[in-house]
Amino acid sequence: MSCKIDYQPAPNLLENRVVLVTGAGDGIGRAAALSYANHGATVILLGRTIAKLERVYDEIEAAGGPQPAIFPLNFEGATLKDFHDMAETLDKEFGRLDGLLHNAGLLGRITPFEQYNPELWQQVMQVNINGPIWMTQALLPLLQASEDASIIFTSSSVGRKGRAYWGAYSVSKFATEGFVDVLADELDNQSNIRVNSLNPGATRTQMRRTAFPGKTPLRCVHRKTLCLPIYG
Ligand code: NAP
């Protein structure tokens, strides 16, 4: 997807929309959740650290946004049943889902492949691609209940061109790009659901600091809020 640099979303762009953000407690997910709420969305804050989600919840309330919801979930241990239970709960609570931002991500280690720990590899694949895929499948009926729903997967430049030592992270982002192509093609013209991937670019977060400890943060974008273009 190409984004207009000067794009300015209307203040009420997401009014009456229900949007779920994974990894909403920190980094890009937090900024996106705040921004969606600021544009009128009811945001479902999903993540593994409840204290962080509560802080985002409080920030949204303090800013006068629609009351958000918190959904604690750790992708590492999550099962198919967890995803279907989640869908059932959200169905009872909201009846539909207009937006789904897959943002939660794990860097793993930047290390030569011959030293890559297989358990860590599995963890990264579970959090970055396998969990989100099965969560998407469980949530499809709720997305179909929306007039026009949008699913965004967060990708990365290393999901389009492999980079030495980036191991499972890079492979998981290639898989993300592939899955988005498959699902977007499948739902094209026969569904109300759009599916896109988005590379946020170098952004000053904990993940970026871990990946590039020697790089000056001044070269990265510092996003207090961020409106990933779920609509518009
Ligand atoms: P971050 O600051 O490390 O935040 C990652 C988020 O994912 C956190 O909220 C984290 O929760 C959550 N998360 C991690 N493991 C999880 C799990 N097992 N279950 C549930 N949630 C989990 O990273 P970020 O930089 O904001 O990255 C967000 C997305 O953007 C990722 O998909 C990343 O690959 C992508 N991206 C980032 C950059 C960049 O420059 N920052 C560039 C390209 C792409 P906790 O806070 O509880 O740990």
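As recorded in an unreviewed UniProt entry, the protein chain goes by YciK family oxidoreductase and comes from Vreelandella sulfidaeris. One UniProt comment on the protein chain, placed under Sequence similarities (unreviewed entry), says "Belongs to the short-chain dehydrogenases/reductases (SDR) family."

1. So, the packing of aromatic side chains
With the rule as written, the count across this model stands at six aromatic pairs. On the basis of an interplanar angle of 40 degrees and a centroid distance of 6.2 Å, the ring pair of Phe75 and Phe83 is categorised as tilted. Neither residue differs from the other here; Phe75 and Phe83 are each classed as buried. On the numbers, 5.6 Å between centres and 40 degrees between planes, the contact of Trp166 with Phe212 is tilted.

2. With respect to the sheet that holds strand E1 (residues 18-22)
Reading across from one edge, E3-E2-E1-E4-E5-E6 is the order of the six strands in this open sheet, with parallel pairing throughout. Both outer strands of the open sheet, strand E3 (69-72) and strand E6 (193-198), are each paired with one neighbouring strand and no more. In this sheet, adjacent strand axes meet at a mean angle of 15 degrees when their direction is disregarded. Alignment of E1 against strand E4 (residues 99-102), held across three bridges, turns out to be parallel. When the bridges of E4 are listed, Leu20 appears paired with Leu100.

The rules we used
- Residues numbered from 1 in each chain as written.
- Predicted model: local features only at pLDDT ≥ 70, side-chain atom pairs only at ≥ 80, totals over all residues.
- Heavy atoms only, no water.
- UniProt positions renumbered as here; feature names shortened; annotations may be inferred.
- Phe/Tyr/Trp six-rings, centres within 6.5 Å; stacked < 30°, edge-to-face > 60°.
- Buried < 20%, exposed > 50% of the residue type's maximum accessible area, 1.4 Å probe, protein only.
- Pairing = 2+ DSSP bridges.
- Helix = DSSP H or I, 4+ residues; strand = E, 2+ residues; numbered from the N terminus.
- Axes fitted to C-alpha atoms, helices over the stretch in contact; angles between N-to-C directions.

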